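# Examination of the molecular architecture
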Amino acid sequence: RETERQREREREMPGKESVGYAGGRGVVRVAVCGDAGTGKSSLIIAAATDTFNSGSSFDANFSQGQVEGTQPPVLPPTRIPSDVLPGSIPVTVADTSSSYEWRADLEKELDKSDVVVLCYKSGCGKSLGRIGTYWLPELRRTNLTGDKPVLLVGCQEDVVVSSSSAVASSQGQDPTSPLSSPGRGDAVRGNENRLVEASKAEDAMLDAEALESKLALLIDEWKEIEVCLQCSAKRLSNCAEVFVQAQKAVMHPTGPLYDAQTGQLKPRCVRALKRIFQICDEDADGYPSD
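Residues numbered from 1 in each chain as written. Predicted model: local features only at pLDDT ≥ 70, side-chain atom pairs only at ≥ 80, totals over all residues. Heavy atoms only, no water.

### Comments concerning the packing of helix α3 (residues 103–112) against helix α4 (residues 125–142)
Helix-helix packing is characterised by the crossing angle of the two axes and by the distance between the axes. Two elements in contact, α3 and α4, have axes whose closest approach is 12 Å; the angle formed by their N-to-C orientations is 70 degrees. If you check the angle between α3 and α4, you find them roughly perpendicular. For the pair α3 and α4, contact is made by Arg 103, Leu 106 and Leu 110 and by Tyr 134, Trp 135, Glu 138, Leu 139, Arg 141 and Thr 142, respectively. Taken together, the residues of the contact of α3 with α4 break down into five nonpolar, one polar and three charged. (Axes fitted to C-alpha atoms, helices over the stretch in contact; angles between N-to-C directions. Helix = DSSP H or I, 4+ residues; strand = E, 2+ residues; numbered from the N terminus. Parallel < 35°, antiparallel > 145°, perpendicular 65-115°, else oblique. Contact = heavy atoms within 4.5 Å. Nonpolar A, V, L, I, M, F, W, Y, C, P; charged D, E, K, R; others polar.)

### Regarding the pattern of salt bridges
Counting across every chain of the model gives seven salt bridges. With its nearest N and O atoms 2.8 Å apart, the salt bridge here joins Glu 107 to Arg 103. Of this pair, Glu 107 and Arg 103 are both found in helix α3, four residues apart, which corresponds to roughly one turn of the helix. With its nearest N and O atoms 2.5 Å apart, the salt bridge here joins Arg 103 to Glu 138. Placement of the pair is Arg 103 in helix α3 and Glu 138 in helix α4, with a sequence separation of 35 residues. The two residues Arg 103 and Glu 138 agree in class, both being buried. Overlapping salt bridges, with partners in common, bring together Arg 103, Glu 107, Glu 138 and Arg 141 in one network. (Salt bridge = Lys/Arg side-chain N within 4 Å of Asp/Glu carboxyl O. Buried < 20%, exposed > 50% of the residue type's maximum accessible area, 1.4 Å probe, protein only.)

### A short note on a nonpolar patch on the surface
Taken together, the side chains of Leu 257, Tyr 258, Leu 265, Leu 273 and Ile 276 present a nonpolar region at the surface, about 470 Å² in accessible area. Examined against the element boundaries, Tyr 258 turns out to sit in strand β7 (residues 258–259). Overall, Tyr 258 belongs to the partly exposed group, its relative accessible area being 39%. (Patch = residues over 30% accessible without salt bridge, like charges linked within 9 Å, V, L, I, M, F, W, Y side chains within 5 Å. Areas by Shrake-Rupley, 256 points an atom, 1.4 Å probe, with all protein chains shown as cover.)

Read these as spatial facts, not as claims about activity.
Dropping the structure here:
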């Protein structure tokens with residue numbers, strides 16, 4: 001029986017590769033992935049340099065063998081400044097491309113990473129939908145990330161704010177617009193308008209309540225998700241915090257303590273807490289001793 005208990009303890013203990021942090025390399029490696037246009041590279045630049053890149057051209061410090069007049073498909077590995085991170089553990093960020101041509105590089109970075117930052121366009125229903133229908137299933141299918149934590153990050157949060165303001169200011173519809181002026185256009189134009197509206201609905205911006213609801217469903221379904229964040233590279237808002245949380249997810253993981261699928265603490269965590277309580281309850285009266 002003692003042998004069985006020993007085997008159980010060994011099964012519950014993390015492997016050698018996960019002892020300490022970052023597999024013993026002394027640096028946390030973050031892979032940033034997601035669909036094209038979600039703002040992955042801008043997020044990395046904003047966190048590393050505290051500046052916003054509009055996407056027209058990358059900062060010279062990030063250029064690496066690029067052809068004149070074009071921008072590299074991905075940034076080279078980027079070190080997050082230590083002054084924005086707690087403690088002394090460095091964080092290196094690997095940018096990735098979602099294009100098929102760069103698939104091998106994406107898989108290589110996912111395999112080397114300690115944590116994955118999965119980006120979507122904040123408030124965009126279609127972009128967020130791709131997280132649950134493609135990205136998370138693909139990460140699980142390839143088994144490249146294993147039990148590595150995933151941070152779900154909504155980029156371009158400023159677009160959501162701007163869109164909300166625009167909707168609020170346009171409640172009084174312009175009577176000169178074709179859609180609001182009676183008698184303009186024919187059946188063909190009406191069909192075209194419906195197609196346009198259907199396309200817009202697919203890309204429609206989610207309000208805060210709808211966004212929170214969809215995120216909650218994703219968290220319930222996918223145990224890999226460690227935390228959800230919103231950020232804006234344009235406003236330099238919360239960008240560094242993304243990688244602070246990535247660092248914490250590796251150095252202080254919740255996986256060994258909490259089972260997200262059952263919503264309960266894991267057995268070893270329960271035993272540890274009971275043991276701590278027993279030590280603190282010196283007179284065995286059921287309450288911690290002063």
